[in-house]
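# Breakdown of the fold
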Amino acid sequence: MANYGTCKYCGKEKELCKAHIVPKKFYLDYTTERYRSIDQDFNKEYAQSGIWDDTILCGDCDNKLNEYDKEGYKILLNALKTKEKTINDIPKAYLFKEGEDFDYINLRFFFISLLWRASISSKAMYNKVNLGKFEDIALSILKNEKTDDEKYFQTIVFREPEEAPYGKVHYCIKSKFDNVICYKIFFTKFIVCIIPNTKHCRASKGLEYLKLAFNKNEFVIIEDGNSFEDKRKFLNKVKKNWKQKDKICKQR
Ligand SMILES: [Zn+2]
């Protein structure tokens, strides 16, 4: 049954489509596999073709945002392997140059729309993403109504090593980057960290990392075995929580 409602991008009453939050192609075997997603309260949901929400976007607006997703596929999925580099003291990283390798606006809008879709979605998996006033700021940047400002939505991308397990577990957490809020979106071995507002970020370790943030000239993906630690801890907590829930069920 078609679902009618207000599209959160154009604001019109329309038939709403099945809009993916993390674009469909990042669920690598989406035609054959069932995916398990986990929300921050450890509830799980199975999804055949990734997590979508049919209460947020009309088809036209979803298609518009899908154009930016294409830049994400191009860089993260297709070009990655050919861009391996050693940068400063980072043993393994991937370096992309604006113009030659990526289009700044398209890639920037891909990251912003990823976080914006997570924020407007009511799916449990994204219930910790609440951008507050930055939701409207993200939307007006995406609609070109507001001049983009680099203090908003700074993005740093990590990748787990190829051999790291659990690459297909997708989830999203609210975290801290120094003293400011940061959202981490885990999908397909990537960890996309987006900081809604860096204005009050204190001058410390965080600023060093911000030098590696995606910018108008370069985009760096840092491969880091330690970045997997976050995921391991999260999944251990999930396991523990499920065991406890099982126990409670059995006791009843
Ligand atoms: Zn629309």
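For the structure given in this document, a descriptive report is provided here. Numbers given for residues are sequential positions, taken from 1 along each chain in its written order. Local features are withheld for residues below a pLDDT of 70 in this predicted model, meaning they are given only at 70 or higher, and side-chain atom pairs are given and counted only at 80 or more; totals for whole chains, interfaces and linings count all residues. In computing side-chain values, all of the structure's heavy atoms are included and hydrogens and water are not.

### What to know about the overall build of the protein
Across its full length, the protein holds five helices and 13 strands. Burial here depends on accessible area, computed with a 1.4 Å probe over protein chains only, as a share of the maximum for the residue type. Under 20% is buried, over 50% is exposed, and the range in between is partly exposed. The burial tally for the protein puts 51% of its 252 residues in the buried class. Look at the contacts in the protein between residues 6 or more apart in sequence, and 71% of them connect residues 24 or more apart. Helix numbering and strand numbering both begin at the N terminus, where a helix is a DSSP run of H or I of at least 4 residues and a strand a DSSP run of E of at least 2. In this description, contact between two residues means that some pair of their heavy atoms is separated by no more than 4.5 Å.

### Notes on the coordination of the zinc ion
Metal donors were taken as nitrogen, oxygen and sulfur atoms no farther than 2.8 Å from the ion, or 3.2 Å where the ion is Na, K or Ca. Water is excluded, so coordination may look unfinished. Looking at the metal site, the zinc ion is ligated by Cys7 (SG), Cys10 (SG), Cys58 (SG) and Cys61 (SG), spaced 2.3 Å from it. Around the zinc ion sit four donor atoms, and with donor-metal-donor angles ranging over 100 to 122 degrees the site reads as tetrahedral. Between consecutive donor residues of the zinc ion, the sequence gaps follow C-x2-C-x47-C-x2-C. Assessed through its relative accessible area of 27%, Cys10 is described here as partly exposed. The geometry test gives tetrahedral to four donors whose angles all lie between 85 and 135 degrees, gives square planar to four donors and octahedral to six donors whose opposite members are over 155 degrees apart with all other angles between 65 and 115, and gives irregular to the rest.

### Comments concerning the pattern of salt bridges
Within this document, salt bridges are pairs made up of a side-chain nitrogen of Lys or Arg and a carboxyl oxygen of Asp or Glu, the two lying within 4 Å of each other. By the definition in use, this model includes 13 salt bridges. Lys216 is paired through a salt bridge with Glu150; the nearest N and O atoms lie 3.7 Å apart. In this pair, Lys216 sits in the loop between α4 (205-210) and β13 (218-223) while Glu150 sits in the loop between α3 (133-142) and β9 (152-159), placing the two residues 66 residues apart along the sequence. You can call Glu150 partly exposed: its relative accessible area is 37%. Here Glu162 ties to Arg159 by a salt bridge, and the two come within 2.7 Å at their closest N and O atoms. On the accessibility criterion, Glu162 (43% relative accessible area) is partly exposed. For Arg159, a relative accessible area of 6% corresponds to the buried category.

### Things to note about α3
Within α3, seven of the 10 residues are buried, leaving the element largely enclosed by the surrounding structure. Taken residue by residue, α3 has Phe134, Ile137, Ala138, Leu139, Ser140, Ile141 and Leu142 as its buried positions. In this fold, the buried residues of α3 make contact with α1 (59-79), α2 (104-120), β9 and β12 (190-197).

### Observations concerning the packing of α2 against α3
Simply put, an axis is a line fit to the C-alpha atoms, just over the touching stretch for a helix, and the angle between two N-to-C directions goes from 0 to 180 degrees. For the pair α2 and α3, interaxial distance at closest approach is 10 Å and the crossing angle is 140 degrees. The orientation of α2 relative to α3 falls into the category oblique. Note that α2 runs across α3; the crossing there is left-handed. Contacts from Phe109, Ile112, Ser113, Trp116, Ser119 and Ile120 in α2 reach Glu135, Ala138, Leu139, Ile141 and Leu142 in α3. Looking at the contact of α2 with α3 residue by residue, the classes come out as eight nonpolar, two polar and one charged. Here roughly perpendicular refers to angles of 65 to 115 degrees, roughly parallel to angles under 35, roughly antiparallel to angles over 145, and oblique to all remaining angles. When the near helix sits turned anticlockwise from the far one by under a right angle, the crossing is termed left-handed; a clockwise turn instead gives a right-handed crossing. Residue polarity is assigned by list, with Asp, Glu, Lys and Arg as charged and Ala, Val, Leu, Ile, Met, Phe, Trp, Tyr, Cys and Pro as nonpolar; anything else, Gly included, falls into the polar class.

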